There are 2 protein chains.
Amino acid sequence: MVSNTRLIEFKDIKNTESRDGYMGHLVPIEAESDIPFAINRIYYIADVPEGQVRGFHSHNDLEQVLICLHGSVTVKISTPFEEEHIVLDRLNKGLYIGPMVWREMYDFSQDAVLLVLASKHYDEADYIRDYPAYCRQAEGYFKGGE
Amino acid sequence: MVSNTRLIEFKDIKNTESRDGYMGHLVPIEAESDIPFAINRIYYIADVPEGQVRGFHSHNDLEQVLICLHGSVTVKISTPFEEEHIVLDRLNKGLYIGPMVWREMYDFSQDAVLLVLASKHYDEADYIRDYPAYCRQAEGYFKGGE
């Protein structure tokens, strides 16, 4: 995986405890346990038109976990030294993205709902939106990559 | 509204900043600000078969916010003195449920995804699952209702 990223497999509880049998899926995520940070912010993205690409930024400090709760979306994660494309299409598949990783989200299915759990409150000063400036900072940060 | 419950209207950011115009919806929720508690746990429920009813419990202490991120679901909230049925069917409509409120979730649409934000980590001891026991406790707690 790209540095400062990893996949997290969450529990997927297929409730069958009712007399009627199957009751659906329940995925629980405990902060600072199933994910490595406290959840200070969440956001979700939906109804993204076909062909749209979102993201185009990195964060100095923020940690996030991305999960696609309905439909599917592909996330490009990259540093100046590495690049990967991760398809999110399962309730219990989380993509952890740490500091200094560039991300772009694309191929949203029409019914896609992308949930993002974030370690900090919104802070525009933590965003790096200029790609050349990101590359300069990230080259120093990753010191040639792993 | 039933005691210890209320509706919360979240911001719904319809991103139009791209050169292509509309980019979809983004709903941000800041912990301890847009909702009145720290998020120590989240869970989501999906793929619930038609006719299933979930919930059937109350909590001694836990605070939760329920949001339907796709499709729709109806939540019955009640105390021994009050009862209400809330349809959740919008990205930015949250249902806050505080302590000692009985809840049942039903009428899940086939594509429904219900997200729950919770103030505490999972603790089975905080659940009240026996309805007669719940009623006895809740009658004392709400002292005759409002």
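Residues numbered from 1 in each chain as written. Chains lettered and ligands numbered in written order. Predicted model: local features only at pLDDT ≥ 70, side-chain atom pairs only at ≥ 80, totals over all residues. Heavy atoms only, no water.

Asks: Talk me through the relation of the copies chain A and chain B; I want residue IDs and the actual numbers.
Replies: A rotation about some axis, followed by a shift along it, carries one copy of the chain onto the other. It takes a turn of 180 degrees to lay chain A on chain B, together with a shift of 0.0 Å along the axis; the resulting RMSD is 0.0 Å. Accordingly, the operation relating the two chain copies is best matched by a two-fold axis. The rotation axis passes nearest to the C-alpha of Ile39(A) in chain A, at a distance of 2.9 Å. A share of 100% of interface residues in chain A that are also interface residues in chain B marks the association as one of identical surfaces. (Least-squares fit on C-alpha atoms with pLDDT ≥ 70 in both. Contact = heavy atoms within 4.5 Å.)

Asks: A description of the environment of Val75(B) should follow, citing residues and the corresponding values.
Replies: Residues and elements named next belong to chain B. Structurally, valine 75 is set in strand S7 (residues 73–78). The exposure class of valine 75 is buried, given its relative accessible area of 0%. Placed 32 residues apart in sequence, valine 75 and aspartate 107 show a C-alpha to C-alpha distance of 8.5 Å. Apart from residues no more than four positions distant in its own chain, valine 75 is found in contact with Leu66, Glu84, His85, Ile86, Leu88, Leu95, Ile97, Arg103, Glu104 and Met105. (Helix = DSSP H or I, 4+ residues; strand = E, 2+ residues; numbered from the N terminus. Buried < 20%, exposed > 50% of the residue type's maximum accessible area, 1.4 Å probe, protein only.)

Asks: Give me the interface of chain A and chain B: which residues, what numbers.
Replies: Taken together, the contacts link 39 residues of chain A with 39 residues of chain B. Both sides of the chain A and chain B interface together cover about 3400 Å² of buried area, and 53% of this is carbon and sulfur. Remark: the boundary between chain A and chain B carries 2 salt bridges. As a salt-bridge pair, Glu30(A) and Arg41(B) come within 2.8 Å of each other at their nearest N and O atoms. At the junction of chain A and chain B, the tally comes to 18 residue pairs in polar contact (both at pLDDT 80 or more). For the side of chain A that touches chain B, the secondary-structure elements that each account for two or more residues are strand S3 (25–30), strand S4 (41–46), strand S6 (64–70) and strand S11 (113–118) of chain A. Of the residues in the side of chain A that touches chain B, the class split is 24 nonpolar, 9 polar and 6 charged. (Buried area = accessible area lost by both parts, 1.4 Å probe. Salt bridge = Lys/Arg side-chain N within 4 Å of Asp/Glu carboxyl O. Polar contact = N/O pair within 3.5 Å; in protein donor to acceptor, adjacent residues only side chain to side chain. Nonpolar A, V, L, I, M, F, W, Y, C, P; charged D, E, K, R; others polar.)

Asks: So what about the confidence of the model for chain A? Which residues, and what values?
Replies: On average, residues of chain A score 93 in pLDDT, and 93% of them reach the 70 mark or higher. Across the interface, the model reports ipTM at 0.93; the global pTM reads 0.94. (pLDDT = per-residue confidence, 0-100.)

Asks: Requested: an account of the nonpolar core, with residues and values cited.
Replies: Within the largest apolar cluster, 38 residues are counted, with the highest numbers of intra-cluster contacts made by Tyr44(A) and Tyr44(B). Sorting the residues of this core by element identifies S3, S4, S6 and S11 of chain A together with strand S3 (25–30), strand S4 (41–46), strand S6 (64–70) and strand S11 (113–118) of chain B as the ones contributing at least two each. Contact partners of Tyr44(B), with chain neighbours within four places excluded, come to Phe10(A), His25(A), Leu26(A), Val27(A), Ile29(A), Ile67(A), Leu69(A), Leu91(A), Leu115(A), Leu114(B) and Leu115(B). (Core = buried A, V, L, I, M, F, W, Y, C linked by side-chain atoms within 4.5 Å.)

Asks: An account of the packing of aromatic side chains is requested, with residue identities and associated values reported.
Replies: For any pair of aromatic rings, geometry is given as the distance between the ring centres together with the angle between the planes. All names here are of chain A. Using the criterion set out here, one finds 12 aromatic pairs over all chains in the structure. Where tyrosine 131 meets tyrosine 134, the ring centres are 5.9 Å apart and the plane angle is 35 degrees; that geometry is what we call tilted. Placement of both tyrosine 131 and tyrosine 134 in helix H1 (residues 131–142) is noted, with a separation of 3 residues, approximately one turn of the helix. Overall, tyrosine 134 belongs to the buried group, its relative accessible area being 0%. Ring-pair connections join several aromatic residues into one group, and the members of that group are Trp102, Tyr131 and Tyr134. Above the plane of the ring of tyrosine 96 lies arginine 6, whose end atom (NZ or CZ) is 5.6 Å from the centre. (Phe/Tyr/Trp six-rings, centres within 6.5 Å; stacked < 30°, edge-to-face > 60°. Lys NZ or Arg CZ within 6 Å of the ring centre and 35° of its normal.)

Asks: Mind laying out the pattern of salt bridges, listing which residues take part and the relevant values?
Replies: In this structure the tally under the stated criterion is 12 salt bridges over all chains. A salt bridge links Arg129(A) to Glu124(A), with the shortest nitrogen-to-oxygen separation between them at 2.9 Å. Glu104(B) is paired through a salt bridge with Lys76(B); the nearest N and O atoms lie 3.9 Å apart. Pair noted here: Glu104(B) is in strand S10 (residues 102–106) and Lys76(B) is in strand S7, with a separation of 28 residues, a long-range link.

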